[in-house]
Amino acid sequence: QKEVEQDPGPLSVPEGAIVSLNCTYSNSAFQYFMWYRQYSRKGPELLMYTYSSGNKEDGRFTAQVDKSSKYISLFIRDSQPSDSATYLCAMRESGYSTLTFGKGTMLLVSP
Amino acid sequence: DSGVTQTPKHLITATGQRVTLRCSPRSGDLSVYWYQQSLDQGLQFLIQYYNGEERAKGNILERFSAQQFPDLHSELNLSSLELGDSALYFCASSAETGTRSDTQYFGPGTRLTVL
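Just so we're clear, the structure is a prediction, and the values are computed from it rather than from any experiment.

S.K.: Would you explain the overall build of chain B in this entry?
M.R.: Along its length, chain B carries zero helices and eleven strands. Starting at the N terminus and ending at the C terminus, chain B contains elements arranged as β-β-β-β-β-β-β-β-β-β-β. Against the compact-globule benchmark of 13 Å for 115 residues, chain B has a radius of gyration of 13 Å, which places it among compact chains. In terms of its C-alpha atoms, chain B occupies a principal-axis envelope of roughly 40 × 30 × 30 Å. A total of 115 residues make up chain B; the buried ones form 52% of that total. Counting contacts in chain B only where the partners sit at least 6 residues apart, residues at least 24 apart contribute 55% of the total. Looking at chain B, you have 9 positive and 12 negative side-chain charges, and the mean spots of the two groups are 3 Å apart.

So, in structure tokens, the structure goes:
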């Protein structure tokens, strides 16, 4: 079993839809959770950064962490064609810098 | 723009050759990380340097090595290249290491093609 599992997609939605992206993990020591967005042939860009369980909102993006279920989510409201990209979840343990990434979910938002 | 720079953008070389990838971290960041991204493996952590010292090692092959210089830029050396080494190589940097505010910012990557 991989440490971090993420459905590769692609996930295709119409413009304006609410998008839900998810990751599950097996290492209960993970304390910090991130979502990165990666456009084709570009470097990953940090979108959301959360510590432990709970929700965090930033504009159209909401990140949720449920440590009891080892499950994290990223919600995108009012999705736009410019949101079309691969979304990578990443996580790390407290006191360590090393990130463990999911393989990424490709999102396609059609106009 | 993350502030992390990488050169070159593209590199095409032959099997058995050696290449060097270069990374300059964001101003003020002391940590540099190297990652390899391939279609089948996703983003894999290779190695981390903090203020010139090796801090953590991931899935880095013995044919690969890295270093961080006094001006904090880093180089990743790949030798005896094989077809399977073709991938995107990313550098990331962060200000601290392991603390609550430690956040990694990625460069634009170097695309390596081994023919």
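S.K.: What is the right way to read the pairing of strand β7 (residues 64–68) of chain B from this model?
M.R.: Residue and element names in this part refer to chain B. Residues Phe-64, Ala-66 and Gln-68 line the buried face of β7, whereas the alternating positions Ser-65 and Gln-67 sit on a face that is not buried. As judged from the five bridges shared by β7 and strand β8 (residues 74–78), these two strands associate in the antiparallel manner. From the neighbouring strand, Phe-64 faces β8, where its bridge partner is Leu-78.

S.K.: In this structure, what is going on with the environment of Glu-96 of chain B? I would like to understand it.
M.R.: Relative to the helices and strands, Glu-96 of chain B is located in the loop between β9 (87–94) and β10 (105–106). Sequence separation of Glu-96 of chain B and Asn-51 of chain B is 45 residues, and the distance between their C-alpha atoms is 9.9 Å.

S.K.: Before we go on, may I ask you to explain the sheet that holds strand β6 (residues 54–58) of chain A in this structure?
M.R.: With antiparallel pairing, the five strands of this open sheet are ordered in space as β1-β3-β8-β7-β6 (chain A). Of all the strands in the sheet, the pair left with one neighbour each is β1 (4–5) and β6 of chain A.

S.K.: Would you explain the interface of chain B and chain A in this entry?
M.R.: Interface size is often expressed as the accessible area that is lost when the parts come together. Facing 25 residues of chain B, the contacting portion of chain A comprises 19 residues. Buried surface at the junction of chain B and chain A, summed over both partners, amounts to about 1,700 Å²; 51% is from carbon and sulfur atoms. The interface formed by chain B and chain A includes zero salt bridges. Seen at the junction of chain B and chain A, the total is four residue pairs in polar contact (both at pLDDT 80 or more). Sorting the residues of the side of chain B that touches chain A by element identifies β4 (31–38), β5 (42–50) and β10 of chain B as the ones contributing at least two each. In terms of residue count, the dominant contributor to the side of chain B that touches chain A is β5 of chain B (four residues). Residues belonging to the side of chain B that touches chain A are distributed by class as follows: nine nonpolar, eleven polar and five charged.

S.K.: Just to check I follow, could you spell out the pairing of strand β6 (residues 53–57) of chain B for this structure?
M.R.: Regular strands place side chains that alternate from one sheet face to the opposite one. Residues and elements named next belong to chain B. Pairing analysis gives four bridges linking β5 to β6, with the strands arranged antiparallel. Its bridge partner being in β6, Gln-48 is matched across the sheet by Ala-56. What sits between the antiparallel neighbours β5 and β6 is a turn of two residues, in which Asn-51 has the positive phi angle 50 degrees.

S.K.: Could you clarify how one ought to interpret unusual backbone geometry in this entry?
M.R.: For the peptide bond that leads from Gly-9 of chain A to Pro-10 of chain A, omega is 10 degrees, which places it in the cis range. In this fold, Pro-10 of chain A is placed in the loop between β1 and β2 (11–14). Here the residue pair Thr-7 of chain B and Pro-8 of chain B is connected by a cis peptide bond, since its omega of -10 degrees sits within 30 degrees of zero. Tracing the chain through its elements places Pro-8 of chain B in the loop between β1 (5–7) and β2 (10–13). Located in the positive-phi region is Ser-52 of chain A, a residue other than glycine, with phi close to 60 degrees.

Calculation notes
Residues numbered from 1 in each chain as written. Chains lettered and ligands numbered in written order. Predicted model: local features only at pLDDT ≥ 70, side-chain atom pairs only at ≥ 80, totals over all residues. Heavy atoms only, no water. Helix = DSSP H or I, 4+ residues; strand = E, 2+ residues; numbered from the N terminus. Rg over C-alpha atoms; globule rule 2.2 N^0.38 Å. Buried < 20%, exposed > 50% of the residue type's maximum accessible area, 1.4 Å probe, protein only. Contact = heavy atoms within 4.5 Å. Lys, Arg positive; Asp, Glu negative; His and termini not counted. Charge placed at Lys NZ, Arg CZ, Asp CG, Glu CD. Pairing = 2+ DSSP bridges. Buried area = accessible area lost by both parts, 1.4 Å probe. Salt bridge = Lys/Arg side-chain N within 4 Å of Asp/Glu carboxyl O. Polar contact = N/O pair within 3.5 Å; in protein donor to acceptor, adjacent residues only side chain to side chain. Nonpolar A, V, L, I, M, F, W, Y, C, P; charged D, E, K, R; others polar.

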